[in-house]
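Summary of structural features
Here's the letter readout for the chains.
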Amino acid sequence: MKLDSKIPDGHISEKWTNHKNNLKLVAPNNRPKIDIIIVGTGLAGASAAASFAEMGYNVKAFCYQDSPRRAHSIAAQGGINAAKNYQNDGDSIYRLFYDTIKGGDYRAREANVHRLAEVSGNIIDQCVAQGVPFAREYGGMLDNRSFGGTQVQRTFYAAGQTGQQLLLGAYSALNRQIGLGRIEMYNRHEMLELVKVDGKARGIIARNLITGEIERHSAHAVIVATGGYGNVYFLSTNAMGSNVTAAWKIHRQGALFANPAYVQIHPTCIPVHGTNQSKLTLMSESLRNSGRIWVPKKKEDAEAIREGRLKPVQIAEGDRDYFLERRYPAFGNLVPRDVASRAAKERCDAGFGIEANDTNEGVYLDFSTEIQNKGKQAAYAKGNHNPSADEITTLGKKWLEEKYGNLFTMYQKITDENPYETPMKIYPAVHYTMGGVWVDYNLQSTIPGCFVAGEANFSDHGANRLGASALMQGLADGYFVLPYTVSNYLADDIRTGKISTDLPEFVEAENRVKDQINSFINNKGTKSVDHFHKRLGNIMWNKVGMGRNENGLTEAISEIAALKEEFYKNVYVPGSNDELNPELEKALRVADFIELGQLMAMDALQRKESCGGHFREEYQDSEGETLRDDVNFSFVGAWEYQGSDINKEVLHKEDLKYDFIKIAARNYK
Amino acid sequence: MASKKNININLKIWRQKNAKAKGSMETYKLDNVSTDSSFLEMLDQLNEELINKQIEPVAFDHDCREGICGMCSLYINGRAHGPDTGITTCQLHMRMFNDGDTIFVEPWRSKAFPVIKDLVVDRTSFERIQQAGGFVSVNTSGNTIDANATPVPKHDADKAFEAAACIGCGACVATCKNGSAMLFVGAKVSQYALLPQGKVEATQRVLNMVRQMDEEGFGNCTNTGACEIECPKGISLENIARMNREFLKASLK
Amino acid sequence: MAKSALLKSSIAKKYWMALTGLFLCLFLAGHLAGNLQLIFGTASQFNQYALFMTSNPAVKLLSYLTYFSILFHAIDGIMLTVQNKKARPVAYAMNNPSNNSTLASRNMAVLGTLILVFIVTHMVNFWAVMHFDKNMPLVSREVSEMGMSQKVAVGVLGSQAPYFPLDAKGKLNAEVIRRNELTQKTVTTVVDKDGYVVFEGQKDLHKITFDFFQDPKTGLIATILYVLAMAVLAFHLLHGFQSAFQSLGVNNKFTPAIKSFGTLFAIIVPLLFAIIPVYIHFVK
């Protein structure tokens, strides 16, 4: 299979404009004859659904949650980037484009990323027009802040709930169309199969999660916007229901899956507390602006802390190892996410971890220096030039509370520790997956008529995503890319007429789904789905996690294959298929995670270099930094399904060409 | 330092096979619950034990488990989202309970939130209210006016944001003795009423949303203020007052 | 849409509750001011006040508004309560509302019903007696005539005769006594056989009030019940006063002041009302 990315010719800044001008259109009178299915109602899915309905297409939207508003885009905290240059600090479309390519460690497509930067400004305009309450300055203008990996202030935000506000904006647009009868919304429905007719995506099989009914839905195009697959690790910052199933089903139907090994591990999450833990909680990256990350210099101190004999505040300043400041003096605690995460892992692996959990994995994020600095500033600002130590501490804590009060409260609720008094404990956790279904410039997968948007596709973030870029990509895909490119595809379908759900392809697809469900329900196993999911997560975290090597990956591949066999043999799914059955839902999802996990290990194994979130221990320099191999690995690795033996998947390579940006090594020292 | 310990608890949980079945409170004993666990992790633990005994696990709604998606619910020991304030059930931790405690776990109770199964309720009535008017009628376009073309006073933007922080969980309805949805609807009406972009359709919006709210069978607001206290996002009663004003204005037009 | 919304919608029902409730608060204040004359005024002042209240056309209008408000407030309240009960068909097995709301706010319907019962008995005890009791005592005084002291009813301003003799039991010593429906209701008119008005005497509300609370058998119970009723009223007002403003959409920088005033109002007004019978029973 030859991968055609369909990147238009011309100068990078004209590609999208020219391409749009040459795309085919569907006349307004023809649009009501055309059905579009959209799976997933996060930023990408909801914005696409609303846009298509506004244009006049018949839209059916699906989400597994009880409301489209629950999609996990809602949990994004920090912000959304846009090259508006409202702050007059020299920002431009080119700079946003450049920063994103560099942040992605030169493993993303130039043309896609430039388009993303081009439409970024429109996103903000659109959202404001919808009534999204972004933070504002006293003059009534929009406020911006800066984020990791950039030198400009281009991040728009709504306190620590930017994702929520943006999603509610898209959700309101979606609701308007549902209310007008232009979108049929299917809540609590899960897509379990793609239906292909004559090689084209023509519908889906979905399960009504309340009644268990298996439903056939036909359409002229299917858009999958179902988010990332971080839950393959069991523990991640994803929602409990986040899954790869829709993406994996289309992969099994012929869509290539690109760069599955690219996973972003976020450095500032609350460490694991015990074996019953279900989920990891992110503490905003913005905390690294004020906190200093450290572990004890002496192993015996770390041990004493773990055993509860010593408290962190008792460790003298000289006995603390501020390892990010030590290793990266230029960027200090503000190095990119992948770098910060690896450094924390390195210290914990060396035995300096401070958390008393099974793996001792945890480091301190300490605000005491900031309390002193800001407290002193605040005292001076009040005209008190000789403040006492107590006054400084009080004022400093007040400053912190104003800035991060919500986060500190959340931390205290979860851990029962007061971060004003004792340093926070943090550790990296799986957060975002850059890999996903391979799509061309039109966001179409290798299955005609099957488009993939948002985190579910692989397209824009290369090997590492910069903060505040995920929201940008989701909305760009849904509002400003898909409406053009999908219409172009549908222009050939105006004479097709309604697709019948009685076609044999629908029957076959439905039977595949029913067979799988019945096999789970009738399985005489003894172990819960979570049992297998946790074991999968364990293998993934230990061997396909932050640090990877050939041995571990090879082991992981065979261990996962064995786990898969055991899973099908020994999983127990209670209840029946004709009712709300969360265990059945989980079983169907974990089945796909297991296959994906194996592919991730294979992808990580073939990529004999370190780049972005993918760190191969064999490929690092003498100081432990990533070593990219641009000669041999400047490509997108896209895998083709070959049947249920994942080992047989075939790798296709799409070479990445950098015509407008000069490749360089990332250096944060 | 967090004190790690395990507690043994008794659970009284509402079990109901499906929407039509009659439900009842069932008692379960659960040992060795870590006080560091979240409430939902405790339920995971219970379900794991039930599954191992081949008993059907308890169905409950949950998703993000970080207090933002609004999917989790649960009326715990007589309070929406449990005994702590300013949090959702997924953020409630077992250290709020003591060894030997009996904990009541019930679904949201409201005519407009019928039980689907066990602790899972149907909140699509909220969806229909939003669909009736919870939006600004602006189509997708790369050519809306520049985001900074219309200044919004910071105070208004902040208030709109506070109203928009609603996660649509339904705790307000569950805790209100009248099963009223006024805080939910008031928050949405307020968000748009405070922003210039939302003012254009303000009249129709409030009339339509209130009409839909009434049709769904929610009760009436008697200003007890329980919703404000139990709201995990601290949505203020000011928003209900603002909706009352907006509705009056709209009705007199 | 807009018009019917002002009657049918849940929010509009609350406007009406608020408006009628606030009007009744005004009524309470007025009523209290009058009643306080039982302590601070003379009997004659009080009876003059009663006369004014029943004869002034503006006051009359207000009194109809009051009756309407009470009825509307009660009926609307009952309708709301029925709807509210329907909104939660299955009750919680365990409910702990004291953590999030006051007892008063959760029991407005119960408190309101009790107040309604009180209003009815109150009207029976005083208003009905005054309006319909033919044996209602009249304002009287002792006169000495030829060394004989005699109790006579005092005529109102413009009465044909300044006095009218009373018999030993203190009743009007007349052959024909007919209450004149056409004139003021606090006035008893004496008409002679030919239908001419010969005397107009004022009913002594002050006296029946005192008699009511000083009755050796029932006075104490009446006083206690009255005080209890005022306690119920206090709780109703404690939530109702500020709640009315919230229903009308007033929640702003003045709200703390409104709440404080509401609390004071809810405590002081019923307290003063309650002091009156206590004073009459125990002090006078």
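Remember, predicted model here, so these are calculated numbers, not experimental data. (Residues numbered from 1 in each chain as written. Chains lettered and ligands numbered in written order. Predicted model: local features only at pLDDT ≥ 70, side-chain atom pairs only at ≥ 80, totals over all residues. Heavy atoms only, no water.)

1. Considerations on the packing of aromatic side chains
- In total, this model carries 47 aromatic pairs over all chains according to the counting rule given.
- On the numbers, 5.9 Å between centres and 35° between planes, the contact of Phe 126 of chain B with Phe 218 of chain B is tilted. Here the residue Phe 126 of chain B occupies a position in helix H2 (residues 124-133), and Phe 218 of chain B occupies one in the loop between helix H7 (202-215) and helix H8 (226-230), the gap between them amounting to 92 residues.
- Of note, Arg 115 of chain A hangs over the ring of Tyr 441 of chain A, and the distance from its end group to the ring centre comes to 4.2 Å. (Phe/Tyr/Trp six-rings, centres within 6.5 Å; stacked < 30°, edge-to-face > 60°. Helix = DSSP H or I, 4+ residues; strand = E, 2+ residues; numbered from the N terminus. Lys NZ or Arg CZ within 6 Å of the ring centre and 35° of its normal.)

2. Here's the deal with the interface of chain A and chain B
- Listed per partner, the contact involves 84 residues of chain A and 75 residues of chain B.
- A salt bridge links Glu 579 of chain A to Lys 17 of chain B; its shortest N-O distance comes to 3.0 Å.
- In this assembly, chain A and chain B are joined by 45 residue pairs in polar contact (both at pLDDT 80 or more).
- Counting residues per element, the ones that place at least two in the side of chain A that touches chain B are helix H2 (43-55), helix H4 (110-130), helix H5 (162-179), helix H11 (389-415), helix H12 (470-490), helix H14 (529-543) and helix H16 (582-606) of chain A.
- Broken down by class, the residue content of the side of chain A that touches chain B amounts to 31 nonpolar, 34 polar and 19 charged. (Contact = heavy atoms within 4.5 Å. Salt bridge = Lys/Arg side-chain N within 4 Å of Asp/Glu carboxyl O. Polar contact = N/O pair within 3.5 Å; in protein donor to acceptor, adjacent residues only side chain to side chain. Nonpolar A, V, L, I, M, F, W, Y, C, P; charged D, E, K, R; others polar.)

3. Details of the sheet that holds strand E1 (residues 35-39) of chain A
All names here are of chain A.
- Ordered in space as E6-E2-E1-E10-E18, the five strands form an open sheet in which the pairing is parallel. This sheet does not close on itself; its edge strands, each paired only once, are strand E6 (183-186) and strand E18 (450-452). When the angles between neighbouring strand axes are averaged without regard to direction, this sheet yields 20°.
- Judged from the three bridges that link them, strand E10 (residues 221-224) and E18 form a sheet pairing that is parallel. Considered in E18, the bridge of Ile 223 is made with Phe 451.
- Here helix H6 (residues 245-252) sits on the sheet in contact with E1, E10 and E18, set at roughly 130° to E10.
- Each of E1, E10 and E18 touches H12; the most contacted strand, E10, lies at about 155° to it. (Pairing = 2+ DSSP bridges. Axes fitted to C-alpha atoms, helices over the stretch in contact; angles between N-to-C directions.)

4. So, the arrangement of the chains
- Counting contacts across all two pairs of chains that touch, the top pair turns out to be chains A and B.
- The two units chain A and chain C never meet; even their closest C-alpha atoms stay 19 Å apart.

5. Some points on the nonpolar core
- Judged by nonpolar contacts, the single largest core of 238 residues is most densely connected at Phe 52, Ile 80, Phe 134 and Ile 250 of chain A.
- The element best represented in this core is H16 of chain A, accounting for 14 residues.
- When residues no more than four places from it in sequence are discounted, the contact partners of Phe 134 of chain A are Ile 80, Ile 124, Cys 127, Val 128, Leu 142, Phe 156, Tyr 157, Ala 158, Thr 162 and Leu 166 of chain A together with Ala 157 of chain B.
- Core analysis: the next-biggest nonpolar cluster, separate from the first, contains 40 residues, Ile 115, Phe 118, Ile 208 and Ala 266 of chain C among them. (Core = buried A, V, L, I, M, F, W, Y, C linked by side-chain atoms within 4.5 Å. Buried < 20%, exposed > 50% of the residue type's maximum accessible area, 1.4 Å probe, protein only.)

6. As for the interface of chain C and chain B
- At the junction of the two partners, chain C supplies 37 residues and chain B supplies 50 residues.
- A buried area of about 3,500 Å², summed over both sides, lies between chain C and chain B, and 55% of it is on carbon and sulfur atoms.
- Where chain C packs against chain B, one counts zero salt bridges.
- Here chain C and chain B share 28 residue pairs in polar contact (both at pLDDT 80 or more) between them.
- Taken together, the elements giving at least two residues each to the side of chain C that touches chain B come down to helix H1 (2-8), helix H2 (10-35), helix H5 (57-86), helix H6 (103-106) and helix H9 (219-247) of chain C. (Buried area = accessible area lost by both parts, 1.4 Å probe.)

7. Overview of the domain arrangement of chain C
Residues and elements named next belong to chain C.
- Domain boundaries in chain C define domain 1 (2-88 + 100-134 + 220-283) and domain 2 (140-202).
- On a C-alpha basis, the centres of domain 1 and domain 2 stand 36 Å from each other.
- Domain 1 puts nine residues into the contact, and the matching count from domain 2 is six residues.
- With six residues, the top contributor of residues to the side of domain 1 that touches domain 2 is helix H4 (residues 43-55).
- For the side of domain 1 that touches domain 2, the residue count by class is four nonpolar, five polar and no charged. (Domains from an automatic or database assignment.)

8. Comments concerning empty space enclosed by the protein
- By the definition in use, this model includes 13 cavities of 30 Å³ or more.
- Counted as a void, the second largest cavity has a volume near 620 Å³.
- Lining the second largest cavity are 38 residues, and of these Pro 582, Glu 585, Lys 586 and Arg 589 of chain A together with His 62 of chain B lie nearest its centre.
- Sort the elements by how many residues they give to the lining of the second largest cavity and H16 of chain A lands first, with seven residues.
- Tallied by class, residues from the lining of the second largest cavity come to 17 nonpolar, eight polar and 13 charged. (1 Å grid on protein atoms, 1.4 Å probe; cavity = no way out; pocket = protein on both sides within 12 Å on 5 of 7 lines; lining within 4 Å. Points joined across faces, edges and corners; volume = space filled by probe spheres on them.)

9. Comments concerning the pattern of salt bridges
- Under the criterion given, the structure shown has 71 salt bridges over all chains.
- Beyond isolated ion pairs, a larger network of salt bridges with shared partners links Asp 105, Arg 107, Arg 607, Glu 609, Arg 628 and Asp 630 of chain A.

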